Structure formats: C-alpha cells, structure tokens
Amino acid sequence: MSATFIRILNFVPLAAAIAFGTAELCRAQSTTAAAEEPVKTVEVEMRNFAFSADTIRIQPGTSVRWVNRDEVGHTSTADEGEWASPLLGPGESFTQRFDEAGTYTYHCTPHPFMRGVVIVEE
Ligand SMILES: [Cu+2]
C-alpha cells in the first residue's frame, strides 16, 4: 500500500463526516425556519384622541403595536384587563401579541372616550 493511498483512506472518513455534519446543520436550520413563523405586526395609531383604525381584525399569533402620534399621553388598556400599556408619550409605542381568538375591547385610561376593538379571528 502506498503512502498516498493511505492518506486518501484517512481523508475519506473526515470528508464524509464534514459533509454529513453540514447536511445535518442545514436540515436543522430549515426545520427551525419552518417551525417559527414570522410574527406579523399590525400598527394602530393614537391620533387626534382616537385609535386609528379603531377596529382591527387579525389572525391568532399577530402582534398589535399602538403608536402615539398625538402631543399628549395615551394608553392602550384592555377593558377586561388582558393587557395594559404604560402611559405612552408622543412617539412612544406599545406592542401586545394576540394568540387567543376573541373580541377584545380597550380604551385609553386618561381619555375613556377613546375606544377600540381587536378582533382575533378563529
Ligand atoms: Cu388618550
């Protein structure tokens, strides 16, 4: 057996191991990508003392981000206590994810006439 042939024999299992390892890594990455759907985010503006849009329909797993576009503070506060943002100053935002189907009414604590609805469809 020549020295060169022995070196090839030693190299082949290493190359196979590298190739196999790379394939395993790729499979793991693609599985992870398939399992984790990107979180969709819907934006609701707080503008002119109103939520815009005041009624939104979303799919389970969607996040809603409220952004304050007014010059005064607002909150997004669920009527039944499912979530409660802090007082958001101008330009600040608050994000809440919705996983459970249902109809969620909410308001602004300093301005109770500001009302909105998040409908999470089945
Ligand atoms: Cu308000």
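Model, not experiment: these values are computed from the prediction. (Residues numbered from 1 in each chain as written. Predicted model: local features only at pLDDT ≥ 70, side-chain atom pairs only at ≥ 80, totals over all residues.)

Undergrad: I'd like a description of the UniProt feature "binding site: Cu cation" (unreviewed entry) in the chain, backed by residues and values.
TA: Sequence positions flagged by UniProt for "binding site: Cu cation" (unreviewed entry) are, in local numbering, H74, C108, H111 and M114. A compact arrangement is adopted by the annotated residues: their sequence extent is 41 residues, whereas the largest C-alpha distance between any two is 9.2 Å. Along the chain, C108 turns up in the loop between β7 (102-107) and β8 (115-120). Under the C-beta neighbour-count criterion, C108 is labelled buried, with 25 such atoms within 10 Å. Other than its neighbours up to four places away in sequence, C108 contacts H74, T75, T77 and M114. Mapping M114 onto the fold places it in the loop between β7 and β8. The residues touching M114, leaving out its near neighbours within four places in the chain, are F49, A50, F51, H74, H107 and C108. (UniProt positions renumbered as here; feature names shortened; annotations may be inferred. Helix = DSSP H or I, 4+ residues; strand = E, 2+ residues; numbered from the N terminus. Buried ≥ 20, exposed ≤ 12 C-beta atoms within 10 Å, placed from the backbone. Contact = placed C-beta atoms within 7 Å.)

Undergrad: Please set out the environment of P90 residue by residue, giving values where relevant.
TA: Note on placement: P90 falls in the loop between β5 (77-78) and β6 (93-98). For P90, the residues in contact, after removing those within four places along its chain, are N68, D70 and E71.

Undergrad: Can you tell me about the sheet that holds β8, naming the residues and giving the values?
TA: Paired through backbone hydrogen bonds, the strands of a sheet run either parallel or antiparallel to each other. Within the open sheet, the four strands sit side by side as β3-β8-β7-β5. Their pairing is mixed. Lying at the two open borders of the sheet, with one neighbouring strand each, are β3 (55-58) and β5. In terms of strand pairing, β3 meets β8 through four bridges, oriented parallel. From the neighbouring strand, I56 faces β8, where its bridge partner is V118. (Pairing = 2+ DSSP bridges.)

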